[in-house]
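Fold and geometry: a report
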Amino acid sequence: MSRRNEAHLAQQLKEYRAPNPVVEPGPLHLHPWIEASVKGWRPHVLILITLLLCTLPGFFALPPLDRDESRFAQATTQMFETKDFIRIRFQDEPRHKKPVGIHWLQAVSVSLLDGATHRTIQAFRLPSLFGAFFAAICTFQIGALLYNRWVGLIGGLALAGSLLMSTEAGIAKTDACLVGFTTLTYLGLAGLRAKPENKRYIWFFWGGLAMATLIKGPIGLLLILFSGVMLVAWERDLRWVKRAFHWPAILLAAVIVLPWYIAIWQATHGQFFMDAVGQDLAPKLSGQSENKAVPPGAHLLMSPILLWPTSFLIPLAFWVAWTSNRDPRIRFLLAWLVPGWLMFEAAPAKLAHYTLPVHGALVLLGAIGLFMGGWQRPKVRWLGIALLTLGTAVMTSVPYLLGKDVAMLETHFALLCSVVIGCIGMIGLTMVILRPKWAIVGLVAMACITSVTLKGLFVPSISALDLSRRVSAALQREGLHPRLSPGTPGPLIGAGYQEPSLIFLTRSDSALSSVAAAVKAARIGSGIVVNTQPQFKAALTLALAKKGLAPKWRKDVLAGLNYSKGDPVELAIGSVVAAPKPMPVPNRQN
């Protein structure tokens, strides 16, 4: 290496490692036991406790959710049943949408717990919980690497306690795991730039990128690629790119990714890739997917709610980005945040969780703003308070409005939950206004109490939203459950309610898609779950009669809400019996 290059590298490292007095924790003058919380293993424990308190109420209390969670869990269950861990199927339909990574992680967690035959949804949710914890810890490590452990701790706590992250951590699908491994990749990228002599960051970079690719295909790769392009265009320095090409680490990434991609190509003759692009990715990019096209800016408008209660960091993040973008550490965080956010805003389909992989950069920028004195700026402070107030008002109104719309819930309990969230929200707002040094402690407590109230008590109390589990319990009570009732001969049949959660809770061969499919699978003794509307119930009765069969209905009718479609539904439960033979007509002789 030439002397000029050595000098340039030394200057670059000096910029990264130069002490920045405005972000040191000393000026906060907090209580000694709080100052000690950033030492050693304590930040990891604090982040874990925060995530668990915000996630576990819904993790244990909520039933299998429609539709993505139950589809993922059912597809993993069928891998155990068929002993085929390459192809992904939901009943008889191939699921050529996402790679196999999440299913393998779920298979490991289920195998370590009670096994796939019990179909306990919490076992399938564990990878998401670990993914969210991984994301928060990597966010802490990035903040500590670039600035100090206080910045990292506030960023990790803010991410773990945010509404969106704590919710995704309790749902058995890809998003929390994607965020975990994507954030690991960014930790590797930050280390490649800040500590090039430490080789472990190269392994973080390629290992995280490989796992993100195995979980959700090109999304993680695109995020890293756009971030790298922005950094190179901004700084005109390729040296960190050259350091990233470490062949042993690249070989590890290839070993993680390529075997399954080659196997699925051979198993489906390339159909997986054609369907994944043509039926999943392309419709989302063109606005023709099942999710309606939404104009750009929707993610920005949703962010005060999704990041609640740490949404007060958003104005601080914008202030830091505007005033300190010459700092190479800020440039890195902006390269993490901006291209990915713009990519998701440009896509016509916009689901709330899409921007989650870049939330780590946003909360770290906000944490840096706290230590740089941004909260003393009146515009920044009052905008932060306004966003926090908006999020608190929305969260306070959710129980009351939902309880009012769902007639089966007593409104006084919904009102009580709203009052609890509103009161704790007011305490949090007061702390942010009067004692900003203690705000993060109060807001984490606010997030935990709200999670217990909303996800642990309120939503599980709405029986109308728990229809599939109630149907499963009724079938078992009547001795008609195809998996849990001894001696039930045939699959569950029905029409008018084919939610994946009911299939997951019953049996993989449940025939609920149509009247024709139900009649084809019907056996004497099979359980029936059918929508009471005539086009389903009457049509099924008539079709069974043509096959010499008849339904024997139970008295109870289960009413609820098919929240995937937004429609109220009533379901009748019965069993298949042999059709009664017609009585002979006696001959009358005159």
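So, here's what we can say about the structure. Keep in mind that what you see is a predicted model, and the values were worked out from it rather than measured.

**Focus on the side chain of Asn-562**
Tracing the backbone shows Asn-562 in strand E5 (residues 549-562). On the basis of relative accessible area, Asn-562 is assigned to the buried category, the value being 8%. Polar contacts involving the side chain of Asn-562 include one to the side chain of Glu-499, which spans 3.3 Å. Leave out the neighbours within four places in its chain, and Asn-562 touches Tyr-497, Glu-499, Asp-567 and Val-569.

**Considering the pattern of salt bridges**
Counted according to the given criterion, the structure contains 13 salt bridges. Residue Arg-329 pairs with Asp-327 through a salt bridge whose shortest N-O separation is 2.8 Å. Accessibility assignment for this pair places Arg-329 and Asp-327 in one class, buried. Via salt bridges that share partners, Glu-168, Lys-173, Asp-175 and Lys-216 belong to a single interconnected network.

**Considerations on the packing of helix H3 (residues 42-61) against helix H6 (residues 121-146)**
Helix-helix packing: each pair is described by the crossing angle between the helix axes and the interaxial distance. Contact geometry of H3 with H6 gives a least axis separation of 10 Å together with a crossing angle of 150°. What the angle tells us is that H3 and H6 run roughly antiparallel. Like other packed secondary-structure pairs, H3 and H6 cross with a definite hand, here right-handed. Here H3 contributes Pro-43, His-44, Ile-47, Leu-48, Leu-51, Leu-52, Thr-55, Leu-56, Gly-58, Phe-59 and Phe-60 to the contact with H6, which in turn contributes Gln-122, Arg-125, Leu-126, Leu-129, Ala-132, Phe-133, Ala-136, Ile-137, Phe-140 and Gln-141.

**Re the packing of helix H20 (residues 411-434) against helix H21 (residues 439-458)**
Across the interface, H20 lies against H21 with an axial gap of 8 Å and an inter-helix angle of 170°. Compared by their axis directions, H20 and H21 come out roughly antiparallel. In contact with Phe-413, Ala-414, Cys-417, Val-420, Ile-421, Ile-424, Gly-425, Gly-428, Met-431 and Val-432 of H20, H21 contributes Ala-439, Gly-442, Leu-443, Met-446, Ile-449, Thr-450, Thr-453, Leu-454, Leu-457 and Phe-458.

The rules behind these values
- Residues numbered from 1 in each chain as written.
- Predicted model: local features only at pLDDT ≥ 70, side-chain atom pairs only at ≥ 80, totals over all residues.
- Heavy atoms only, no water.
- Helix = DSSP H or I, 4+ residues; strand = E, 2+ residues; numbered from the N terminus.
- Buried < 20%, exposed > 50% of the residue type's maximum accessible area, 1.4 Å probe, protein only.
- Polar contact = N/O pair within 3.5 Å; in protein donor to acceptor, adjacent residues only side chain to side chain.
- Contact = heavy atoms within 4.5 Å.
- Salt bridge = Lys/Arg side-chain N within 4 Å of Asp/Glu carboxyl O.
- Axes fitted to C-alpha atoms, helices over the stretch in contact; angles between N-to-C directions.
- Parallel < 35°, antiparallel > 145°, perpendicular 65-115°, else oblique.
- Left-handed = near helix turned anticlockwise from the far one by under 90°.

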